[in-house]
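# Coordinate analysis (summary)
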Amino acid sequence: MSIYATLQSTGLPCAYSHFKTSQTPPYIVYIGNGQDVLNADNTHYWRRNTYQVEYYFTTKNESNEAAIEDALLENGFIYEKSEDVYIEDQGVFVIYYYI
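### Some thoughts on the pairing of strand E6 (residues 92–98)
- When strand E3 (residues 43–57) meets E6, the two strands line up antiparallel, connected through six bridges. The residue of E6 that forms the bridge with Tyr 55 is Ile 95.
- Taken together, the two bridges between strand E4 (residues 80–81) and E6 define a ladder with antiparallel strand orientation. Across the sheet, residue Glu 80 finds its bridge partner in E6, namely Tyr 98.
- For strand E5 (residues 85–87) and E6, the ladder comprises three bridges, and the chain directions are antiparallel. Residue pairing for E6: Tyr 86 is matched across the bridge by Phe 93.

### Comments concerning the nonpolar core
- Core analysis: the biggest nonpolar cluster contains 16 residues, and Ile 3, Leu 7, Ile 28, Tyr 55 and Leu 72 have the highest contact counts within it.
- For this core, the secondary-structure elements that each account for two or more residues are helix H1 (3–8), strand E2 (27–40), E3, helix H2 (62–74) and E6.
- Tallying contributions element by element places E3 first for this core, with four residues.
- Among the nonpolar cores identified, the runner-up in size contains six residues, and Val 29, Ile 87, Val 92 and Val 94 belong to it.

Reading the values: the criteria
- Residues numbered from 1 in each chain as written.
- Predicted model: local features only at pLDDT ≥ 70, side-chain atom pairs only at ≥ 80, totals over all residues.
- Heavy atoms only, no water.
- Pairing = 2+ DSSP bridges.
- Helix = DSSP H or I, 4+ residues; strand = E, 2+ residues; numbered from the N terminus.
- Core = buried A, V, L, I, M, F, W, Y, C linked by side-chain atoms within 4.5 Å.
- Buried < 20%, exposed > 50% of the residue type's maximum accessible area, 1.4 Å probe, protein only.

Spelled out as structure tokens, the structure:
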């Protein structure tokens, strides 16, 4: 399953890079973050696209976090999770998932 389909399965609004119209939290934004590659003998033996997933919210909701994390794991995406980061000028929190 693609990263987009995986994130959509959480039921939260989701977009690549940004939404075209204003969005009220909670929502998910994700962006490509390069590629991990294993090279040897002048070829790629293995490659995997990496992403940064951003979960924005105003009220802590561990069920939403669990939905994101379960969807990622069920679809083979291994992640690292940041702490809750408050963005003062926007009045929202964000959690970063590095995939």
